[in-house]
Amino acid sequence: MVKHINVTSRSRTEFIDITEAVREVVKNSRVTSGVCHLFVLHTTAAITINEGADPNVMRDMNGFLNRLVPTDPYFTHAEGNSDAHIKSTLVGGSETIFIDEGRLVLGTWQAIYFCEFDGPRQRKVSVKVV
Amino acid sequence: MVKHINVTSRSRTEFIDITEAVREVVKNSRVTSGVCHLFVLHTTAAITINEGADPNVMRDMNGFLNRLVPTDPYFTHAEGNSDAHIKSTLVGGSETIFIDEGRLVLGTWQAIYFCEFDGPRQRKVSVKVV
Amino acid sequence: MVKHINVTSRSRTEFIDITEAVREVVKNSRVTSGVCHLFVLHTTAAITINEGADPNVMRDMNGFLNRLVPTDPYFTHAEGNSDAHIKSTLVGGSETIFIDEGRLVLGTWQAIYFCEFDGPRQRKVSVKVV
């Protein structure tokens, strides 16, 4: 069964920690051993797993990606958000996380982030527990 | 069971929409609820999910990647296609997509692309429906 | 059941071939048809599948990534390893590989690499065979 996590972004580019929301879906699924698949239904957003302790890490990531993929005069896509589409492909829109003894298996420092590249918007992440 | 989708690329770098071919494999599998895994058996190609409506998006993506990873004089790999290997790792060679009510769960604007980085060639994408 | 592969890195940035270790886990699982999920429990490392024949390919990849994501004066994360976190998100920390007739389905030139971006360290890759 596919569940959805709603995410509200407030900036054009932003990383939003959705770890607790994913844990909640896993808990409610009552699956004790398996995998949890995450999938973003958008083409200007992504999912990544990275450090959850120091918010400067994701601030540095955001700054780096904005310098790497600027809103480029070479781009031809009329909506003017090709940079967001490119970041989406570079970071990737899905993750697969293990479930063991009813809990997500994440490393000590790992958190799950929804990556907004063309906000602010209302977004959805699909979750499937198997 | 593993199925294969054959892809023929016509340029050195190119994004080829394989959404319909993947839908066909899912339909023939008769799986109504599950996941569809895609995997590229090559080291100079990749898979991504991005906008299917305006072809300028993938044109911008191709141009950006070609500027980001040029055929660099620093490279030592004798075949001269290290740029293609690097793009393959940056974009990634697999995807996992949900199946619900017998259909691929994709967002309104999402299409599945085979990414050719060292064509033209005959290529294969492996598909497994679970 | 989740198994772990131990990896010892010897440089700050390095690609370590773990294909044989993964094959061993798959063989011991006695699963003949399914998928093998790999997941890195760290935020400054990654997993990729790329060429296993010529070591110059991964040397070129390492050099390219080090030039793409330098230890940047813009970064604010106090540990000074934001470059490693960024590479981890760009390359991605998981892979899903098919199993057919009890064997990993990899292309002729494909090998599985643990990507160290902040070594030398003792590392762990989680493996789940389904």
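In this report, we go over the structure that sits alongside the text. (Residues numbered from 1 in each chain as written. Chains lettered and ligands numbered in written order. Predicted model: local features only at pLDDT ≥ 70, side-chain atom pairs only at ≥ 80, totals over all residues. Heavy atoms only, no water.)

1. Points about empty space enclosed by the protein
Turning to step 1, where the next piece is worked out: Here the structure, examined in full by the defined rule, presents 4 cavities of 30 Å³ or more.
Turning to step 2, where the next piece is worked out: For the largest cavity, the calculated volume is near 460 Å³.
Turning to step 3, where the next piece is worked out: Taken together, 35 residues line the largest cavity, and the ones lying closest to its centre are A:Ser94, B:Gly92, B:Ser94, C:Gly92 and C:Ser94.
Turning to step 4, where the next piece is worked out: A total of 4 residues in the lining of the largest cavity trace back to one element, the largest contributor, which is strand β5 (residues 94-100) of chain C.
Turning to step 5, where the next piece is worked out: Residues that form the lining of the largest cavity fall into these classes: 12 nonpolar, 20 polar and 3 charged. (1 Å grid on protein atoms, 1.4 Å probe; cavity = no way out; pocket = protein on both sides within 12 Å on 5 of 7 lines; lining within 4 Å. Points joined across faces, edges and corners; volume = space filled by probe spheres on them. Helix = DSSP H or I, 4+ residues; strand = E, 2+ residues; numbered from the N terminus. Nonpolar A, V, L, I, M, F, W, Y, C, P; charged D, E, K, R; others polar.)

2. Some remarks on the state of the cysteines
Residues and elements named next belong to chain A.
Turning to step 1, where the next piece is worked out: Taken as a whole and assessed by the stated rule, the structure comprises 0 disulfides over all chains.
Turning to step 2, where the next piece is worked out: Left without a disulfide partner, Cys115 is nearest to the cysteine sulfur of Cys36, which lies 16 Å away.
Turning to step 3, where the next piece is worked out: Taking the relative accessible area as the measure of exposure, Cys115 reaches 0% and is therefore buried. (Disulfide = S-S within 2.5 Å. Buried < 20%, exposed > 50% of the residue type's maximum accessible area, 1.4 Å probe, protein only.)

3. Topic: the relation of the copies chain B and chain A
Both copies of the chain are related by a screw-like operation: a rotation about an axis and a shift along it.
Turning to step 1, where the next piece is worked out: If you rotate chain B by 120 degrees and push it 0.0 Å along the axis, it lands on chain A with an RMSD of 0.0 Å. Considering both components of the superposition, the chain copies are consistent with a three-fold axis. Closest approach to the rotation axis among the C-alpha atoms of chain B is made by B:Leu90, whose C-alpha sits 3.5 Å away.
Turning to step 2, where the next piece is worked out: Taken together, the interface assignments show that only 10% of the residues at the interface of chain B recur at the interface of chain A, consistent with different surfaces on the two copies. (Least-squares fit on C-alpha atoms with pLDDT ≥ 70 in both. Contact = heavy atoms within 4.5 Å.)

4. A short note on the pattern of salt bridges
Turning to step 1, where the next piece is worked out: Overall, the coordinates contain 15 salt bridges over all chains when judged by the stated rule.
Turning to step 2, where the next piece is worked out: We note a salt bridge from A:Arg123 to A:Glu116, for which the minimum N-O separation is 2.8 Å. This pair shows no difference in class: A:Arg123 is buried, exactly as A:Glu116 is.
Turning to step 3, where the next piece is worked out: C:Arg12 is the salt-bridge partner of C:Asp83, the closest N and O atoms lying 2.9 Å from each other. With C:Asp83 in helix α3 (residues 82-91) and C:Arg12 in the loop between β1 (2-8) and β2 (14-17), this residue pair connects regions lying 71 residues apart in the sequence.
Turning to step 4, where the next piece is worked out: Taken together, the salt bridges that share partners define one network made up of A:Arg12, A:Asp83, A:Asp118 and A:Arg121. (Salt bridge = Lys/Arg side-chain N within 4 Å of Asp/Glu carboxyl O.)

5. A short note on the sheet that holds strand β2 (residues 14-17) of chain B
Residues and elements named next belong to chain B.
Turning to step 1, where the next piece is worked out: The 3 strands are arranged β2-β7-β4 in an open sheet whose pairing can be described as antiparallel. Each of the sheet's edge strands pairs with one partner strand only, and the pair in question is β2 and β4 (45-51). Each strand of the sheet is rotated relative to its neighbour by a mean of 35 degrees, with strand direction disregarded.
Turning to step 2, where the next piece is worked out: Strand direction decides the pairing type here: β2 and strand β7 (residues 110-116), joined by 4 bridges, are antiparallel. Residue pairing for β7: Asp17 is matched across the bridge by Tyr113.
Turning to step 3, where the next piece is worked out: On top of the sheet, helix α2 (residues 56-68) reaches β2, β4 and β7; it is set at about 140 degrees to β4, its chief contact.
Turning to step 4, where the next piece is worked out: Here helix α3 (residues 82-91) sits on the sheet and contacts β4 and β7; the angle it forms with β4, its principal contact strand, is near 50 degrees. (Pairing = 2+ DSSP bridges. Axes fitted to C-alpha atoms, helices over the stretch in contact; angles between N-to-C directions.)

6. Brief notes about the environment of B:Glu51
Turning to step 1, where the next piece is worked out: As for its placement among the helices and strands, B:Glu51 is situated in strand β4.
Turning to step 2, where the next piece is worked out: The spacing of B:Glu51 and B:Asn6 is 45 residues in sequence and 22 Å in space, taken between C-alpha atoms.
Turning to step 3, where the next piece is worked out: B:Glu51 has contacts with A:Thr43, A:His77, A:Glu79, A:His85, B:Val57, B:Met58, B:Trp109 and B:Tyr113, leaving out every residue within four places of it along the chain.
Turning to step 4, where the next piece is worked out: Within polar-contact distance, the side chain of B:Glu51 engages the side chain of A:His85 at 3.4 Å. (Polar contact = N/O pair within 3.5 Å; in protein donor to acceptor, adjacent residues only side chain to side chain.)

7. Observations regarding the interface of chain B and chain A
Turning to step 1, where the next piece is worked out: Residue-level contacts link 30 residues of chain B with 27 residues of chain A.
Turning to step 2, where the next piece is worked out: Summing both sides of the interface, chain B and chain A together bury roughly 2300 Å²; the carbon and sulfur share of this comes to 61%.
Turning to step 3, where the next piece is worked out: The largest per-residue losses of area from chain B upon contact with chain A belong to B:Asp60, B:Phe64 and B:Phe98, which jointly make up 28% of the total buried on that side.
Turning to step 4, where the next piece is worked out: On the surface where chain B and chain A come into contact, there are 0 salt bridges.
Turning to step 5, where the next piece is worked out: For the pair chain B and chain A, the number of links is 12 residue pairs in polar contact (both at pLDDT 80 or more).
Turning to step 6, where the next piece is worked out: Listed by contribution, the elements that provide at least two residues to the side of chain B that touches chain A are β3 (34-40), β4, α2, α3 and β5 (94-100) of chain B.
Turning to step 7, where the next piece is worked out: Ranked by the residues each element gives to the side of chain B that touches chain A, the list is headed by α2(B), at 8 residues.
Turning to step 8, where the next piece is worked out: In terms of residue class, the side of chain B that touches chain A is built from 15 nonpolar, 9 polar and 6 charged. (Buried area = accessible area lost by both parts, 1.4 Å probe.)

8. Some remarks on unusual backbone geometry
Residue and element names in this part refer to chain A.
Turning to step 1, where the next piece is worked out: Cis rather than trans, the peptide bond between Gly119 and Pro120 has omega equal to -5 degrees.
Turning to step 2, where the next piece is worked out: Within the secondary structure, Pro120 sits in the loop between β7 (110-116) and β8 (122-129).
Turning to step 3, where the next piece is worked out: For Glu101, which is not glycine, the phi torsion reads 50 degrees and is therefore positive.
Turning to step 4, where the next piece is worked out: Locating Glu101 in the fold gives a position in the loop between β5 (94-100) and β6 (103-104).
Turning to step 5, where the next piece is worked out: Taking relative accessible area as the criterion, Glu101 reaches 71% and is therefore assigned exposed.

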